[in-house]
Amino acid sequence: MGIFDMMSISASALSAERQRAEVTSANLANAETTHTDSGGPFVRKEVVFSTTNTSPFQSVFNRLGSFGDAPSGSVRLTDVIDDPAPPVRKYEPGNPDADKNGYVEYPNINPITEMVDLMSATRSYQLNASAINAAKQMILESIDILKTT
Amino acid sequence: MATTPLLQVLQGFLQVSTDRQQLVTANMANVDTPGYHTKDINFQTAMQQVMDQGELRLQPASMSVDNLPERPDGNNVNIDRESMMMSETQLQYQMGVQLIKEEFHELLSAIKD
């Protein structure tokens, strides 16, 4: 159904942006983490967004019955990838994570980049939240037709 | 089938407005998707498609808008444009709903009087 598809498209964007904010927060929180379970410093993560493009056949099929497929135009977080940038090496011989030359590997994370990313995710989240409100208002208006007497 | 020809047209109009609003919503949702291109509806084609009863409607007549400046990641969604389109479509939809209500009102008074 068209009018309810609008809400699920916006909802998919909300969840994608929220996950992006989560990944960015994790990057910020671990900006100084030199020790992880897999060994080595924390690696900066990045999200990959993609759009769902259903074929005409599939969209008709979806319309005939609800099969739980995301409507065309929804956003999906397809992958969370590691940033390939090499870690930053600092000379700290007293640190328990230092190698034999006294260097400690720190994650290559720039707090400014992360803050900008976080703000961008927040803004996009707000944008889609207002889109949901707009869709809701349209649905309420069409319900109003019923009240005509 | 609608009761009066005007209701038929208005029903089509609401359908087209909903389709357009859905595309605007999708554009807004994909504001951070690399390579995404803004989509819009051709009102005339879409209206014709909706009014043509015999035709099976696979998808709304959407087209991609290419004259917008593209960002380095290949995305050309302009938030200001989409916000404006959203308000515009919302008002159009509201107008359609009001006209339908008016039409029903008239029908009702014709039945009553």
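As a convention, each chain's residues are numbered from 1 in the sequence order in which they are written. Chain letters and ligand numbers both follow the written order, the letters beginning at A and the numbers at 1. Note on the predicted model: pLDDT of at least 70 is required for a residue's local features to be given, and 80 or more for side-chain atom pairs to be given and counted; whole-chain, interface and lining totals, by contrast, use all residues.

Chemist: Which residues make up the interface of chain B and chain A, and what are the values?
Modeler: Facing 25 residues of chain B, the contacting portion of chain A comprises 30 residues. Looking at the side of chain B that touches chain A, the elements with two or more residues in it are helix H1 (5-29) and helix H3 (79-112) of chain B. A run of H or I in DSSP becomes a helix once it reaches four residues, and a run of E becomes a strand once it reaches two; helices and strands are each numbered from the N terminus. Element by element, the count of residues in the side of chain B that touches chain A is highest for H3 of chain B, at ten residues. Note that Gly is not counted as nonpolar here; it falls among the polar residues with everything else outside the nonpolar set of Ala, Val, Leu, Ile, Met, Phe, Trp, Tyr, Cys and Pro and the charged set of Asp, Glu, Lys and Arg. Grouping the amino acids of the side of chain B that touches chain A by side-chain chemistry returns twelve nonpolar, ten polar and three charged. C-beta atoms are placed from the backbone for every residue, and two residues are taken to be in contact when these atoms lie within 7 Å.

Chemist: A description of H3 of chain B should follow, citing residues and the corresponding values.
Modeler: A rise of 1.5 Å per residue sets the reference length of H3 of chain B, with its 34 residues, at 50 Å; its end C-alpha atoms lie 49 Å apart and thus fit the reference within 8%. Backbone-placed C-beta atoms define the burial measure: a residue is buried with 20 or more other C-beta atoms within 10 Å of its own, exposed with 12 or fewer, and partly exposed in between. Within the span of H3 of chain B, buried status applies to Glu82, Met86, Thr89, Tyr93, Gly96, Val97 and Ile100 of chain B. Lining the buried residues of H3 of chain B we find helix H3 (111-144) of chain A together with H1 of chain B. Here, expected helix span is obtained from the residue count minus one, scaled by 1.5 Å.

Chemist: Break down the packing of H3 of chain A against H3 of chain B for me, with residues and values.
Modeler: At a closest axis distance of 10 Å, the pairing of H3 of chain A and H3 of chain B adopts a crossing angle of 10 degrees. On the basis of the axis angle, H3 of chain A is roughly parallel to H3 of chain B. Packed against H3 of chain A, whose contacting residues are Leu127, Ala131, Ala134, Gln137, Met138, Glu141, Ser142 and Asp144 of chain A, the element H3 of chain B presents Ile79, Met86, Gln90, Tyr93, Gln94 and Val97 of chain B at the interface. Its residues placed into classes, the contact of H3 of chain A with H3 of chain B shows eight nonpolar, four polar and two charged. For helices, the axis comes from a line fit to the C-alpha atoms of the stretch in contact; other axes are also lines fit to C-alpha atoms, and the angle between any two N-to-C directions lies between 0 and 180 degrees. The scheme is simple: roughly parallel for angles under 35 degrees, roughly antiparallel for over 145, roughly perpendicular for 65 to 115, oblique for anything else.

Chemist: Tell me about the nonpolar core, residues and numbers included.
Modeler: A set of buried Ala, Val, Leu, Ile, Met, Phe, Trp, Tyr and Cys residues, joined through C-beta atoms within 7 Å, is what we mean by a nonpolar core. The biggest cluster of nonpolar side chains holds 33 residues, and the ones touching the most others in it are Ala13 and Ala131 of chain A together with Met28 and Ala29 of chain B. Among the elements that take part in this core, H1 of chain B stands out by supplying nine residues, more than any other.

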